[in-house]
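This is what each chain is made of:
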Amino acid sequence: MKKVYKISLGVLGLLIVIGAFSINSIVKNILITTVKDRTGKDISIKSLWLNPLTGNISSKGIVVSEEERTLLTLKSIKVDSDPLKLARGTLYIGEITLIEPTIDISKGEDTPSEAAVPAEPQPAAEVSAEATPEKTTAEEAPEKDSFIKEIIVKNITIQNLVLEGEDAQYKSLNTLTLEVPDFTYRDDTLNLTAALEIIDSGTLDLLLNANTATGEFKGNLSSEKLLLETSLTQEGETYNIKGLFTGGLNLSGDYLKKVFKGDGTLTLTQGEVSSKDNIQLLSAERVDIKLEEFAYPEIEAVSTGSFKVNLTSELLPLILKGNQDIAATLGGGEVKGTYTLDYPKITITPKVILEEIALQPTEKIPYGVTLKVAEGGYTITSDLEKKISSIDGLIHLNSLDLADKEENTLFFRGGQIDLKGAFAEEENNILIKRLILSEGSITAKGNSLTNVSLDISNITDKSLDSDLIFSASGEDFSKVSGKMKLLLSDLKKPEDLKVSGDLDIDELRLEGLKKFVEDLPYELQGTISSSSYITYSRDRITSAGTIQGRSVKVKDKEGLDLSIGSLDSTLDLTLAGEEVTLNNTTLSFNKISGRVDKNTQVDLPAGKIYIRRYTPSDINLNLISLNSPAVTLYTPAEKKGDAKKAEAKEVAPSKEATKKTVAPAKKAPLPRVYIKRTDIKNATLTQVHGSKKTVFRNIKLLSQNFTSEKNKEFAVDTSLSLEGIQSLYLKGRASLTRDWEFDPKTINFNGDLGVTNLALASFNEHLAKDLPNRIEEGTLSSRGNLILKRGKISSESRLKISDLKLGASTGVASKVPLPKVVDALRDKKGDINIVVPVEGDLNDPEFGVGSIVMGVLIANFTEAIKTPEKAISNILTLGSSEKDNVVYFDYLDSEPKYSDLDKLRKVIEILKGNPAAKVRVTIFTNDKVEKGLMKTKDLTGILFGGKKESSSDKLDDLMDERKEYIETFLGAEVESSRVEVIISDRDKNLPQAKLEIIK
C-alpha cells in the first residue's frame, strides 16, 4: 500500500510539474496577446514562471516596443500574490519587485497611433447577433464579464531605475519601495494612495487616480525630505547626481498618449554632481523652483526660481575634455542667482564668484590666462529647442593674469566686462560693450608697465568700433595715457586697423628706446614729454601736439655728439611709409652744444624755428631765430705732398677703375628751401685750418623771403666783425642764378656794403703791393653801394680814414709822394673823407673776396694821388640822390623820422671836417593836409571836453618846433652861425626839411 501511495504521489508531482510548465506557457502567451491587443505595443518575455500553489510569478527579459523603438525593458520582475482571493474576482498582490527597469521618456518621432489607444467598451445590447463567442475579441467583451473584478497592490519595489532621454540617460542609484495603503483597480479605474519609500533616501507621497481604458490620470507627488540619487550619461560621460528635495508636483494627463501636464514647487538642498570616479564636480547649496505649468510631449513650461551652486576644480577640465585648443583648470567658485523659464526660453541671472580659472598655453592659443576671482550680475538666455544662447550683463573681475610662452605677462587687479553675446552651433556673435581693467601691470621682452588701466568699448568677435581710454607707468616713463577711437572691420585683417585720438607721454627716458628699437643708430639720453592727437591707418601716421625735451643727449658713430638743455615744440607730423611731412611746427630750444660731426662744433644758447611745411623735397620755414650762436669749423691742414697725391690720383685711375667703368651714383635732388624770415644775432663763426684760426664775431644775419631757387629775389641784412675789422655789414637784395648755388661769382646782389674801423696795419701784406709806404697805424670806415651781377662787382663807397700814420717805403713807385697826398686829404681833425668807386671781376683769379675791402682802400688812395682836387670836392657831397638831401617828418610830429637822423649826423660830420662850410635847412609841409588833421584832432578833443583852437596858429607853432629841433640837433656839435634854418611857404607832398651844404 505504501508503495502504491509513493508511486501515486510521484505521478501527481510529475503531473503538477508538467501542468505548471503548461500553465506558464499559457499565461505567457495570454499576457503577450493581451498587451498587444490592449495597448498596441509589442512585448517579448524571455521567461515566465507561475507557482499555482503560492500565486508567485517571476519573469526575466521583458521588452516592450512599438515598431522599432524600445519603450521599456525589465531585467526581471517578481510578483507575490494571493491565489485564494482570485475565486472572489480579486487579484491581490502583496509585492511587486521591478529590477533594472529602463524607460524611454524621449518624445519619439510620432505620436502614438489610434490603434494604440484602447477601444471604448461597448454595451452588450450593441453586440451583433451574428457574432459568435469564438469571434468575440478582448476589446469587444464587456468588462463586467471579466474574471478579475478588482486588483489590490500593497507594495512595489524598484531597483536601479533608468530613464532614457533625448540626449542623456538618467539612472537611479537607489532602491524604490512603494508602500500602498490604498490601491484599488476596478472597472478600469485605478485609485492609488501610497508612500514611495526610497531606501537610504526618504519617502515620496503619491496620490494617483487613473482610468486604464482612456489613459487619463491625475495625481500628486510630494515629499518633506527626499534624498534622490541618480546617474546621468551624456556624450559618453557618466555623472552621479544627488540631492535633497522638498516640495510637491501636481500631475495630470493621458499616459497612453504620453501627454502630461503639471505644476508645483520644489526645493533642492545639499545637491551634488560627481564624476563616475566619485570626484565632486559641483554642489548646490539650494535651488528653489516654482513650476507654474508644464506639458509633455508638446513641451510647455513656465517656471521661476533661485539657486546657489558651488563649483570644484574638476568641473572645467571635464567640460573642455576633448577640445585640443583649450586646456584649463578651475580652482573653485560659486554661482547664485535666479532664473525664469518660459519654454523653450530660459533666462538666468547669475552672480558668479570664481576663485581661479587658469588657461594653459596650447599650440593654437599661445597664451596662458589666470582669472583669480570674477563676480558679476548678468543675464543668460537660452532657447532649449533651437540650441541658441545669449549673454548680456556686467561681469566684475577682481584679478586677471595673462602670460605667454616667452614669459610676457599681463596682470590686472580689478576690472569689469559689460558683455553681450549670442551663441549657436554654427556661429557665435560676441559683443563686449565695455571692458574696464585697473591696477594692472604688463611685462614684455623684459620691459614692464605698472599702474595700467584700460577702458574700452564695443568689441565684437569680428570687428572693432571702440573707444579706448588707457594709462600706465613704466620704468622708462612716468606716465602714458590716451583716449582713442579704434576701427577694424575684420579682426582677421589687423593690418586694416585705424586709430585716432589723444596720446600723452610724461617724462619718457630716451635711454629706454633702445629696448624697443634695436637698430636705433643713436645713443640717446634725457627725457621728453608729449601731448598729441594721433591717427594711424595702415602705413600712415599723423601726430599733432606738443613735445618737451629736457637734458637731451644725442650721439652716433659718425661724430654726432650733442647736448640739448631744453626743447619745446608744437608738432604737426605725418609719416607715410618712410616719408616725413611737417606742417605748422614750431621748435624752441636752449643750450644746444657739442659736435654735429667730426669737423663741426656748435654752441646755441637759444633759438626758435617755425616750420610752415617740411617734406623731403620742399622745406618752407616761417622763421629761424638764433641768439648768440657759436659755430666752429675744423679743416685739417694739408701735409706736404697731399695736393700732388690727390692730383696724381685723379690723373691715374686705379686698375679696378680701368677694368670696369662704374656709373656714378645718382644723387637725390636737393629740396627747395624757402625761409620767410631769418634772424641771427651776435653769432660767432670760428674757422680752424691746421694751426691757423680765424674768428668772425658779432655776426648778424637778417633775411626776408630767402629761397634756394634761382631768379627769385630775397632780402639780406648781415654784419660781422673779425680780427682787424670792428664791423663789416651787407644790406640789400639778392638772388641766385642757379638753384642752391651761393658762390659769390654767380650770385646777384644790389645793396649797401659798409666797414667800420678796419685796422689798416693788419692788412699791410695786401696793401704793400700797391702803396709806396707801409702803414703803421690808422683805421678805415666805409659806407657805400655794392652791385654784384654774375661775378661783376661795382661799388661806390664813402671812406673815412682816421689816425693814419705811414711807415717805411715798400718800393712801389709813385708820381706823388704818399705822405703829401695824405696831408692834402686830411681835414681839421686829421681824418680823410673820400668817395671812390670800385669795379672788378670775381672770376679774375687775382680778385678775391678779401680784395674787395683792400681794393676800395687802394682805389681811394690811387684816385687821391691822381686827382686830389676831385677827392677834396667829394668830401662836401651829401649824396647823389635827392632823397639823400631830405629829412622827413611824420604828420603832426615835431621831430624827424628816426631813420633820417643819420642824414643830420652826416651833415655834422661834413661841417666838422670842413670848417669853412655851412648848412642851409629849408622846412616844408603840406599846409592843407596838416591843417585838416589838426581840425580832426581838435574835434575829437572837443567831444571829450577840450577847447577849440585855430588850426593856422597850431600849424605855425608846429613849424617853429621843427625849426627849433633842427637848430638844437645841429647846434650841439657845430657853431650856430654855420646853421641856417628857414620855414618855407611853399607846399610839398610830405613834411620835410631840405639839406644844402654851402661851400
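Residues numbered from 1 in each chain as written. Predicted model: local features only at pLDDT ≥ 70, side-chain atom pairs only at ≥ 80, totals over all residues. Heavy atoms only, no water.

K.L.:
What is the right way to look at the overall build of the protein in this model?
P.N.:
The helix and strand tally for the protein stands at twelve helices and 46 strands. Within the span of the protein, comprising 999 residues, buried residues form 36% of the whole. For the protein, the accessible area works out to roughly 58700 Å², and carbon and sulfur atoms hold 54% of it. (Helix = DSSP H or I, 4+ residues; strand = E, 2+ residues; numbered from the N terminus. Buried < 20%, exposed > 50% of the residue type's maximum accessible area, 1.4 Å probe, protein only. Areas by Shrake-Rupley, 256 points an atom, 1.4 Å probe, with all protein chains shown as cover.)

K.L.:
What exactly am I supposed to notice about the side chain of Thr678 here?
P.N.:
The residue Thr678 is located in strand β35 (residues 672-689) in this model. Here the side chain of Thr678 touches Ser703 through a polar contact of 2.9 Å, side chain to side chain. In this view, Thr678 contacts Ile624, Leu701, Leu702 and Ser703; residues no more than four positions away in its chain are not counted. (Polar contact = N/O pair within 3.5 Å; in protein donor to acceptor, adjacent residues only side chain to side chain. Contact = heavy atoms within 4.5 Å.)

K.L.:
Please explain a negative patch on the surface as it appears in this structure.
P.N.:
Among the surface-exposed residues, Asp953, Asp956, Asp957, Asp960, Glu961, Glu964 and Glu967 lie close enough to one another that they form a single negatively charged patch. Mapped onto the fold, Asp960 is located in helix α12 (residues 951-971). Assessed through its relative accessible area of 42%, Asp960 is described here as partly exposed. (Patch = residues over 30% accessible without salt bridge, like charges linked within 9 Å, V, L, I, M, F, W, Y side chains within 5 Å. Salt bridge = Lys/Arg side-chain N within 4 Å of Asp/Glu carboxyl O. Lys, Arg positive; Asp, Glu negative; His and termini not counted. Charge placed at Lys NZ, Arg CZ, Asp CG, Glu CD.)

K.L.:
I tried to follow the sheet that holds strand β43 (residues 886-888) on my own but got confused; where do I start?
P.N.:
Adjacent strands of a sheet pair through backbone hydrogen bonds, lying either parallel or antiparallel. Strand order in this open sheet of four strands is β43-β46-β44-β45, and the pairing throughout is mixed. On the outer flanks of this sheet lie β43 and β45 (979-987), each paired with one strand and no other. For this sheet, the mean inter-axis angle between neighbouring strands, taken without regard to orientation, is 25°. Most of the contacts of helix α10 (residues 901-913) go to strand β46 (residues 992-998), to which it runs at about 15°, and overall it touches β43, β44 (918-925) and β46. (Pairing = 2+ DSSP bridges. Axes fitted to C-alpha atoms, helices over the stretch in contact; angles between N-to-C directions.)

K.L.:
Before we go on, may I ask you to explain a nonpolar patch on the surface in this structure?
P.N.:
A cluster of nonpolar side chains, namely Tyr891, Leu892, Val929, Leu933 and Leu990, defines an oily patch on the protein surface of about 360 Å² accessible area. By the element assignment, Leu892 lies in the loop between β43 and α10.

K.L.:
Explain α10 to me, please; I cannot follow it from the model alone.
P.N.:
The α-helix winds at 3.6 residues per turn, so residues separated by three or four positions along the chain end up facing the same way. Given a rise of 1.5 Å per residue, 13 residues ought to cover 18 Å, and the 19 Å separating the end C-alpha atoms of α10 matches this to within 8%. Looking at α10, one finds that the buried residues are Leu901, Lys903, Leu904, Lys906, Val907, Ile908, Ile910, Leu911 and Gly913. (Expected span 1.5 Å × (residues − 1).)

K.L.:
I'm lost on the pairing of strand β39 (residues 748-759) in this one. Help?
P.N.:
On any regular strand, side chains alternate: one points to one face of the sheet, the next to the other face. In the sheet, strand β38 (residues 725-735) pairs with β39 via ten bridges, with the strands oriented antiparallel. The residue bridging Leu728 from the neighbouring strand is Val755, located in β39. Sheet topology places β39 next to strand β40 (residues 773-789); nine bridges connect them, and they run antiparallel. Its bridge partner lying in β40, Leu753 is registered against Gly784.

K.L.:
It is not clear to me how the packing of aromatic side chains should be interpreted in this structure. Could you clarify?
P.N.:
Here a ring pair, both rings aromatic, is described through the centre-centre distance and the interplanar angle of the planes. Inspection of the entire model under this criterion finds three aromatic pairs. Centre to centre, the rings of Phe706 and Phe714 are 5.0 Å apart; their planes meet at 70°, and the pair counts as edge-to-face. Phe714 shares its class with Phe706; the two are buried. (Phe/Tyr/Trp six-rings, centres within 6.5 Å; stacked < 30°, edge-to-face > 60°.)

K.L.:
Please explain the pairing of strand β22 (residues 409-423) as it appears in this structure.
P.N.:
Where strand β21 (residues 388-404) meets β22, 13 bridges bridge the pair, whose relative direction is antiparallel. Its bridge partner being in β22, Ile395 is matched across the sheet by Ile417. Note that β22 and strand β23 (residues 428-444) share 14 bridges and pair antiparallel. Directly across from Ala422, in β23, lies its bridge partner Asn429.

K.L.:
It is not clear to me how the pattern of salt bridges should be interpreted in this structure. Could you clarify?
P.N.:
A pair can form between side chains of opposite charge whenever their charged atoms are brought close. This model, assessed by the stated rule, comprises 27 salt bridges. In this structure, the salt-bridge partner of Lys485 is Asp465, at a minimum N-O distance of 3.0 Å. Of this pair, Lys485 sits in strand β26 (residues 477-488) while Asp465 sits in strand β25 (residues 464-474), placing them 20 residues apart in sequence. Relative accessible area serves as the criterion here: at 28%, Lys485 is assigned to the partly exposed category. Using a relative accessible area of 35% as the deciding quantity, one classes Asp465 as partly exposed. The salt bridge involving Asp927 is made with Lys931; its shortest N-O contact spans 3.2 Å. Note that Asp927 and Lys931 are positioned in helix α11 (residues 927-943) at a spacing of four residues, about one turn of the helix.

K.L.:
Can you walk me through the confidence of the model for the protein in this structure?
P.N.:
When pLDDT drops low, the exact placement of atoms in the prediction is not to be read closely. On average, residues of the protein carry a pLDDT of 76, and 74% of them reach 70 or more. The secondary structure element of the protein with the lowest average pLDDT is helix α9 (residues 868-875), at 43, and the one with the highest is strand β33 (residues 618-627), at 93. Between residues 864-876, whose pLDDT stays under 50, and residues either more than four places distant or in other chains, the model counts 26 contacts. (pLDDT = per-residue confidence, 0-100.)

K.L.:
How do you make sense of the environment of Gly61 when you look at a structure like this?
P.N.:
Tracing the sequence through the fold places Gly61 in strand β2 (residues 57-66). You can call Gly61 partly exposed: its relative accessible area is 27%. Sequence separation of Gly61 and Lys46 is 15 residues, and the distance between their C-alpha atoms is 4.8 Å. Among residues more than four places away in sequence, those in contact with Gly61 are Ser44, Ile45, Lys46, Leu74 and Lys75.

K.L.:
Explain the environment of Asn584 here, please?
P.N.:
Among the structural elements, Asn584 can be located in strand β31 (residues 579-597). In the structure, Asn584 is positioned 14 residues away from Thr570 in sequence and 8.0 Å away in space, judged by C-alpha atoms. If we ignore the near neighbours within four places in the chain, the residues touching Asn584 are Thr570, Ile611 and Arg612.

K.L.:
So what exactly am I meant to see when it comes to a positive patch on the surface here?
P.N.:
On the surface, Lys46, Lys60, Lys75 and Lys78 cluster together into a patch of positive charge. Looking at the element boundaries, Lys60 is found in strand β2.

K.L.:
Would you mind going over the environment of Lys462 with me for this structure?
P.N.:
Within the fold, Lys462 resides in the loop between β24 (447-460) and β25. Given a relative accessible area of 33%, Lys462 falls into the partly exposed group. Sequence separation between Lys462 and Asn428 is 34 residues, and the spatial gap between their C-alpha atoms is 9.8 Å. With residues up to four places along the chain from it excluded, the contact list for Lys462 reads Glu427, Asn428, Asn429, Ser489, Asp490 and Leu491.

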